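Summary of structural features
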Amino acid sequence: MSVIILAIESSCDETSAAIIKDGVVLSNVIATQDVHKEFGGVVPELASRAHQQNIVPVIDKALKDADTKKEELSAIAFTRGPGLLGALIVGTSFAKALALGLEIPLIEVNHMQAHILSHFIEEPKPKFPFLCLTVSGGHTQIVLVKDFLDMKVIGETRDDAAGEAFDKSAKLLGLDYPGGPLIDKYAKIGDSSRFKFSKSKVPGYDYSFSGIKTSILYFLRQEIKKDAGFIKDNIADLSASIQKTIIEMLIEKLELAANENNLSDIAIAGGVSANSGLRDAITDMAKNNNWQTYFPALEYCTDNAAMIAIAGHYKYAAKEFVGLDIAPLARMPLI
Ligand code: KG4
Ligand code: ZN
């Protein structure tokens, strides 16, 4: 008999639902919350309210797009964490209520593990063991992936995430939230060698991104004193230089981790893995190192329920179910 799973994602500012049948994603509906734009970042309380408004229509559409009735579902998978607690509560409660009503198993999914497993939605799929650089708005991790559900974080940021560095830098440039995609867009037409920003030095495979925004802030303050139109006139070169700095920091540690662990299958995941400069830099690095690289399709880089669904698929196969007393976790370690 076929296994059909409904997956629900509500960890941050995307309400998403997906249907997966025997490992094949049939639908993936994402409602992005625009309500945060005017505040320059995600407002947790508004995110929770928007999830409440969106969750029923999003799930209805996911079922409809997949031509599936809820009575046909084998299990419900949901993001348990990490993320905003109020946002997670909406998806978790809904998943629990549905599982109870339909009398089917409930599967908890770790959002960061799901970002990595997004590589198994479509071909080409990485071979185990591989190294995954997971770069999102809340996390930056180098993960040694031994199997679908066997992963180990070997390096991570000690403060800001890479996506946060993009977003905070973009805010300093007066760009809208989320700023990462806008920096990416301007960087394409800018000169990345024009401005230099200091990079933090952290031992091992760990990162630190909090210094970069301070370095940009002080630099901009000085330049604006001399010329009030400095940012506007140099937005492309500033974006390209900021992007280059963040990427160099990211890939330096990735290369070190790959070499020291003798791994040549390298993947990236998470919202920042959509960045064209990062993809180009890793492609170049792959040529020098003889790496096989894997980039998720753009629709699976930023938050989506298809990745929760594929994680649910593997957890269903491993019979990893949870009880109805499960509670969301704002902080949830990968293992
Ligand atoms: O994975 P994600 O959707 O949400 C979290 O789990 O945090 O990642 C969102 C992050 C934001 O910081 C956003 O600015 C960044 O991903 N992002 C990008 C790009 N697209 C999304 N950063 C740089 N370049 C992009 N093209
Ligand atoms: Zn994410």
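Up top is the structure.
A brief look at the structure comes next.

Thresholds applied
- In every chain, residue numbers begin from 1 and rise along the written sequence.
- A letter from A marks each chain and a number from 1 marks each ligand, given out in the order of writing.
- Whole-chain, interface and lining totals are the exception, using all residues; otherwise, since this is a predicted model, local features are given only for residues with pLDDT of at least 70 and side-chain atom pairs are given and counted only at 80 or more.
- With hydrogens and water excluded, all non-hydrogen atoms of the structure serve as input to the side-chain values.
- Secondary structure elements are defined from DSSP: runs of H or I of at least 4 residues count as helices, runs of E of at least 2 residues count as strands, and each element is numbered from the N terminus.
- The buried label goes to any residue with under 20% of its type's maximum accessible area, the exposed label to any with over 50%, and the partly exposed label to all in between, with areas taken from a 1.4 Å probe on protein chains only.
- Only heavy atoms enter the contact rule, under which two residues are in contact if any of them lie within 4.5 Å.
- Calculation of accessible area relied on Shrake-Rupley with a 1.4 Å probe; when residues are assessed, cover is drawn exclusively from the protein chains displayed.
- Two strands form a pair only when DSSP identifies at least two bridges running between them.
- To obtain each axis, a line is fitted to C-alpha atoms, and for helices this fit is confined to the stretch in contact; angles are then taken between N-to-C directions over 0 to 180 degrees.
- In this text, near means that some heavy atom of the residue lies within 4 Å of the molecule or strand in question.
- Polar contacts here mean pairs of N or O atoms no more than 3.5 Å apart (in protein, one a potential hydrogen donor and the other a potential acceptor; neighbouring residues in sequence count only if both atoms are side-chain atoms).
- All residues other than Ala, Val, Leu, Ile, Met, Phe, Trp, Tyr, Cys, Pro, Asp, Glu, Lys and Arg, Gly among them, are scored as polar; the first ten of these are nonpolar and the last four charged.
- Annotation comment: domain bounds sourced from an automatic or database domain assignment.

Examining the overall build of the protein chain
- Each helix and strand in the protein chain was counted, giving 10 helices and 10 strands.
- Once the C-alpha set of the protein chain is aligned to its principal axes, its extents read approximately 65 × 45 × 30 Å.
- Residue burial in the protein chain is summarised as follows: out of 335 residues, 54% are buried.
- Across the protein chain, the fraction of contacts at a sequence separation of at least 24, relative to all contacts at a separation of at least 6, is 73%.
- Roughly 14,800 Å² of accessible area belongs to the protein chain as shown, and the carbon and sulfur atoms make up 52% of that amount.

Points about the sheet that holds strand S5 (residues 106–110)
- Strands sit in the order S3-S2-S1-S4-S5 across an open sheet of five strands; the sheet is mixed. The open sheet has two edge strands, strand S3 (24–32) and S5, and neither has a second partner. The average undirected angle you get between the axes of adjacent strands in this sheet is 20°.
- Here strand S2 (residues 14–21) pairs with S3 via eight bridges, running antiparallel.

So, the site of ligand 1
- Ligand 1 sits among 18 residues. The nearest are Gly137, Asp167, Asp184, Asn275 and Asp303.
- Backbone polar atom of glycine 137 to an oxygen atom of ligand 1: 2.8 Å apart, as the coordinates give it.
- Out of a free accessible area of 550 Å², ligand 1 has 89% covered by protein chains.
- Those elements giving two or more residues to the shell around ligand 1 turn out to be helix H3 (111–117), helix H4 (162–172) and helix H5 (180–187).
- In terms of residue count, H5 provides more of the shell around ligand 1 than any other element does, three residues in total.
- Looking at the shell around ligand 1, its residues break down into four nonpolar, 11 polar and three charged.
- The residues that make up the shell around ligand 1 include at least three from each of domain 1 (4–116 + 301–317) and domain 2 (126–296).

Remember that the coordinates give geometry; whether it matters functionally is a separate question.
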